[in-house]
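# Per-entry structural report
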Amino acid sequence: KDENIRPRVDPEGDIVYIEAKHVQSFYTNLAKQGGTNFDEAFKGRILILDEVDALVIDEAPCVPFVYENDDLTRFATRLGDALLRGKQGAQLEAMATTEAEMKVARSFTAAQQKAEKWVLNQDYAVDSSGQRYVRVVQGRVSEGSWSLALELKNYVDRYTDRIIYNERLFVMNRAHAFQKYERIVGLSGSVGNDAERSFLTSIYKAKFFKVPWFLTTCKNSPFYAADSRGVFIEDDEHRQWLATCDKAFEWRERAPVLIIASHRAKAARLAQDLHAMAEARGLHARDVVRNLSREVYETQPEVFKQNLFKATQGIGQGSDKKWRIAVTDPRGGRGTDYRVSDPVADQNGGLMLIVMHIPKQSRDWVQFLGRTARQDKHGQWLAVLNKKEYAAEIDKFKTPLSPGTAVDTILDWGNKETTENLKSVNGHYHRGLRVNEISEQVAARKLLDNPANREIMVRICSEYQSLSIHQINMLARGMKGLDVKSIPTKAQEVGAVKSVEVSPGRPSLRSVGFPSSQQSAPRDIVIVMDRSTSMLSKDAGGKSRFELCRDCILGIFNSNVEDQDYLGLLTFESQVRESFPLTKKGGNGSRLTSLIQNLPNPDGLTKFHDGVMEGLERLRAGSSSAKYLVALTDGDDNMSRSQPNGEKVTEYLRSPDADVNIIVITVGRDIKVKMIETCKQWASIVKAAGKVGLYIPADQPSEIAQAFTKVAAIIADDAEGEAEL
């Protein structure tokens, strides 16, 4: 290995070239050492960030860091051994002797199911050494990412000999860490719209200046923009696939072809299909089709380098000269130099770029187009789109997608969503900033040696996204040796979506949501909520049952439903009513929040069984591989005429189509035994099929929030985070 290359920031180095993750770990490592004078440590340090927009806009404003719990690592490894011997669910839980161990055991089922749903090179990948699995987050390998599902998968496949169990104990606010540098210089070819510029100005006090295209500053040097060869819109993926391949083989007769697929898994699959088509045409497929996906870059760097060089070279001589077809993913659409030097290719219009998914962010689109018409050469592009990939946006914005205006339409959607998303980031930013300030002091004072302090810090770092600044402070005040009032803050109060109870001794958090995780495969979550007249009873801790349920649902949505997830909400009284269908959270946050907050008041009888069946039907029609149904009622069904005892639901859950996790909550002591037995039966059927099946009785209405807490512990993704590098 090159002795000049360091795996982390060298504090003595004059110039250090690293990735953003190393900047974050450098700061966090200093913070956890304790006694660090940050003004002195960062004095004179200048941070130069390439692709600054991707880091400070696309990435989450706060990063939770995780650290190993030795005792729980040993217990998790024992659970892994038991899992390999065939033990499941309740058998794993029976091994727990403490509350902390029970939490780990309950997380195992969800972690196992999550790992089983993962797709290679989309959700996880094999690292460059071939010795372990690593997470793929937003199309990139994230070697520092940790999750119980990842640990379990590595252990089951014999890549590791133990299951490391980590806990969140430190939150880094990205801006808080970066602003410790004396200066930041951000480089980008495409900081996009006004909303993004406003964000950078308010958070980083950024100032902007534009550098002209280099060739426009040179005398007698031509500069060309990429020429459009049209946008083609197909009705489904199959037609898009065929059209893309046809156009690729058509255009390779004249110039090199580069295809940008919508994500890395599709790029790998498209390369395979093009190989087969090339062979069917009698071509030397391995030479004609070159795979430039992220998968090849990470696992076979020498092959990637050779493919990149060959991708734009011609095959043959004179009039027989043809060109190669290269396939990449969105990461290959940024920053990679596809150099075309052949004058014949340039005469024919230059590198042909075929885009299979026009991104909604203008900065990404600028980067895509920048792969052709490079240096002083010509370039051209066309797009082949799958209309179904934009169905949600077409419905949301009520704007049709037509070939002549497709690019402008899609970018306009992105501008509107960016404005909405940056507003939603505000709360996350300020909550994370306050936890970062507290994390520094907890680490500096070495307060986590106290088990009670550690427990509180785990809770704060896991749940901060849904707390107010005041609530975060209340929880932190329970740590011995910490004077929260003495810790200055720049965080602004942003309100909360959860409640905190303070009892004598230390504070405890009443959680009402799924623990959040890094972005992974989307989930379909349907909530079926009772809206019968009895839900107006004000016996739920000063609130009506309806109000408390609504707040719990809002807490789940705001805190723990990820942007890529789909949420649907049904309510029932004398009829089953759809508040909103399965809808992607990303870009729809404000609208869905308003719909939840403004649910009609309860009125009517109880059509519970039909409500559950409607929810199952919605999930069956959904496209995600992970499906959850959460149903709550406070009374016996008295309106489902065609299935008075839930017969249709029972029959469906027993069918092969029922690939669903189900959690049923009943409220109050007045529900009949027959109804309870039906709910238990549903849970049992689902559990026997290897899914999560759970029945939770909230005998006291005030226990509704605790019921949702138990739901979170059973079906949630494990709390992922970054490990220091």
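These figures come from a predicted structure and were not determined experimentally. (Residues numbered from 1 in each chain as written. Predicted model: local features only at pLDDT ≥ 70, side-chain atom pairs only at ≥ 80, totals over all residues. Heavy atoms only, no water.)

### Structural notes on the overall build of the protein
Each helix and strand counted, the protein has 26 helices and 25 strands in total. Burial statistics for the protein: of 725 residues in total, 53% are counted as buried. Of the contacts made within the protein by residues no fewer than 6 positions apart, 77% connect residues no fewer than 24 positions apart. About 32,800 Å² of surface is accessible on the protein, with carbon and sulfur atoms providing 49% of the total. (Helix = DSSP H or I, 4+ residues; strand = E, 2+ residues; numbered from the N terminus. Buried < 20%, exposed > 50% of the residue type's maximum accessible area, 1.4 Å probe, protein only. Contact = heavy atoms within 4.5 Å. Areas by Shrake-Rupley, 256 points an atom, 1.4 Å probe, with all protein chains shown as cover.)

### Notes on the confidence of the model for the protein
When pLDDT is averaged along the protein, the result is 84, and 89% of the positions lie at 70 or above. Contacts for the low-pLDDT stretch residues 502-520, under 50 throughout, to residues beyond four places or in other chains number 80 contacts. (pLDDT = per-residue confidence, 0-100.)

### So, helix H23 (residues 608-621)
Here H23 is 14 residues long and its end C-alpha atoms lie 20 Å apart, about the 20 Å a rise of 1.5 Å per residue gives. Residues of H23 that are buried include every one of Phe-608, His-609, Asp-610, Gly-611, Val-612, Met-613, Gly-615, Leu-616 and Leu-619, and no others. (Expected span 1.5 Å × (residues − 1).)

### Concerning the sheet that holds strand E10 (residues 257-260)
Across the sheet, which stays open at both edges, the six strands sit in the order E9-E16-E15-E10-E14-E11 with parallel pairing between neighbours. In this open sheet, the two edge strands, each paired with only one partner strand, are strand E9 (227-234) and strand E11 (289-291). Across the sheet, the mean angle from the axis of one strand to that of its neighbour is 20°, orientation sign disregarded. By the bridge criterion, five bridges tie strand E15 (residues 351-355) to strand E16 (residues 379-386) in an arrangement that is parallel. In the strand pairing of E16, Leu-353 is matched with Trp-381. Packed on one face of the sheet, helix H10 (residues 237-251) meets E9, E10, strand E14 (325-328), E15 and E16 and runs near 160° to E16. (Pairing = 2+ DSSP bridges. Axes fitted to C-alpha atoms, helices over the stretch in contact; angles between N-to-C directions.)

### Quick look at the nonpolar core
Tyr-27, Ile-438, Val-442, Met-457, Ile-460, Met-479 and Leu-482 are the most contacted members of the largest nonpolar core, which has 52 residues in total. Top element by residues in this core is helix H18 (residues 406-444). It accounts for seven residues. In this structure, Tyr-27 is in contact with Phe-38, Phe-42, Phe-170, Met-172, His-176, Ala-177, Lys-180, Asn-436 and Glu-440, ignoring residues within four places of it in sequence. (Core = buried A, V, L, I, M, F, W, Y, C linked by side-chain atoms within 4.5 Å.)

### Structural notes on the packing of H10 against helix H11 (residues 264-280)
Where H10 meets H11, the closest approach of the two axes is 11 Å, and the angle between their N-to-C directions is 55°. In terms of axis orientation, H10 runs oblique to H11. For the pair H10 and H11, the sense of crossing is right-handed. Across the interface between the two elements, Glu-237, Trp-241, Leu-242, Cys-245 and Phe-249 from H10 touch Lys-266, Arg-269, Leu-270, Asp-273, Leu-274, Met-277 and Ala-278 from H11. When the residues that make up the contact of H10 with H11 are grouped by side-chain class, the tally is eight nonpolar, no polar and four charged. (Parallel < 35°, antiparallel > 145°, perpendicular 65-115°, else oblique. Left-handed = near helix turned anticlockwise from the far one by under 90°. Nonpolar A, V, L, I, M, F, W, Y, C, P; charged D, E, K, R; others polar.)

### Let's talk about the pattern of salt bridges
Per the stated rule, a full pass over the model turns up 36 salt bridges. Here Arg-254 ties to Glu-250 by a salt bridge, and the two come within 3.3 Å at their closest N and O atoms. Residue Arg-254 is classed as partly exposed on the basis of its relative accessible area, which comes to 31%. Between Glu-253 and Lys-322 there is a salt bridge, and its shortest N-O distance comes to 3.8 Å. Placement of Glu-253 in the loop between H10 and E10 and of Lys-322 in strand E13 (residues 322-323) is noted, with a sequence separation of 69 residues between them. (Salt bridge = Lys/Arg side-chain N within 4 Å of Asp/Glu carboxyl O.)

### Here's the deal with the packing of helix H6 (residues 99-117) against helix H7 (residues 148-156)
At a closest axis distance of 8 Å, the pairing of H6 and H7 adopts a crossing angle of 70°. In terms of axis orientation, H6 runs roughly perpendicular to H7. For the pair H6 and H7, the contacting residues are Val-104, Ser-107, Phe-108, Ala-111, Gln-112, Lys-114 and Ala-115 in the first and Leu-148, Ala-149, Leu-152 and Lys-153 in the second. Tallied by class, the residues present in the contact of H6 with H7 amount to seven nonpolar, two polar and two charged.

### Concerning the sheet that holds strand E24 (residues 693-698)
As summarised here, the arrangement of the six strands in space is E21-E20-E19-E22-E23-E24, forming an open sheet in which the pairing is mixed. Pairing within the sheet leaves two strands with one partner each, and these edge strands are strand E21 (576-584) and E24. When the angles between neighbouring strand axes are averaged without regard to direction, this sheet yields 10°. As judged from the six bridges shared by strand E22 (residues 626-633) and strand E23 (residues 661-667), these two strands associate in the parallel manner. Bridging across to E23, Ala-631 finds its partner in Val-664. Seen against the sheet, H23 touches strand E19 (523-530), strand E20 (566-572), E21, E22 and E23 and runs at an angle of roughly 165° to E22.

### Considering empty space enclosed by the protein
Under the criterion given, the structure shown has three cavities of 30 Å³ or more. Considering only enclosed or pocket space, the second largest cavity measures out at about 50 Å³ in volume. Tyr-338, Arg-339, Val-340, Leu-351, Arg-371, Thr-372, Ala-373, Arg-374, Gln-375, Lys-377 and His-378 are the residues that line the second largest cavity. In the lining of the second largest cavity, the residues fall into four nonpolar, three polar and four charged. (1 Å grid on protein atoms, 1.4 Å probe; cavity = no way out; pocket = protein on both sides within 12 Å on 5 of 7 lines; lining within 4 Å. Points joined across faces, edges and corners; volume = space filled by probe spheres on them.)

### Describing the packing of aromatic side chains
Scanning the entire structure with this criterion turns up 13 aromatic pairs. Taken together, a centroid distance of 5.2 Å and an interplanar angle of 85° make the contact between Trp-365 and Trp-381 edge-to-face. Here Trp-365, found in helix H16 (residues 362-369), pairs with Trp-381, found in strand E16; they are 16 residues apart in sequence, far enough to count as distant. Judged by relative accessible area, which is 6%, Trp-365 ranks as buried. Clustering of aromatic rings is evident, with ring pairs tying together Trp-118, Tyr-124, Tyr-133 and Tyr-159. Lys-247 extends its terminal NZ or CZ atom over the ring of Phe-232, reaching a point 3.8 Å from the ring centre. (Phe/Tyr/Trp six-rings, centres within 6.5 Å; stacked < 30°, edge-to-face > 60°. Lys NZ or Arg CZ within 6 Å of the ring centre and 35° of its normal.)

### With respect to unusual backbone geometry
Look at Ala-373: it is not a glycine, yet its phi comes out positive at around 55°. As for its placement among the helices and strands, Ala-373 is situated in the loop between H16 and E16.

### Some details on helix H22 (residues 589-597)
Residue pairs three or four apart in sequence face the same way in an α-helix, which turns once every 3.6 residues. Turning to H22, its buried residues number three or more, namely Gly-589, Leu-592, Thr-593 and Ile-596. The arc enclosing the buried residues of H22, seen along the axis, measures out at 105°, which places them on a common side. (Arc of directions from axis to C-beta.)

### Comments concerning the pairing of E20
Here E20 lies mainly inside the structure; six of its seven residues are buried. Two strands pair when backbone bridges link them, and E19 and E20 are joined in this way by seven bridges, in the parallel orientation. The residue of E20 that forms the bridge with Ile-525 is Leu-567. As judged from the six bridges shared by E20 and E21, these two strands associate in the antiparallel manner. Note that in E21 the partner of Leu-567 across the bridge is Thr-583.

### Side note on the side chain of Asp-287
Looking at the element boundaries, Asp-287 is found in helix H12 (residues 285-288). The buried category is assigned to Asp-287, whose relative accessible area is 16%. Engagement of the side chain of Asp-287 in a polar contact is seen with the side chain of Arg-324, the distance being 2.8 Å. Here Asp-287 is in contact with Ile-315 and Arg-324, once residues within four sequence places are set aside. (Polar contact = N/O pair within 3.5 Å; in protein donor to acceptor, adjacent residues only side chain to side chain.)

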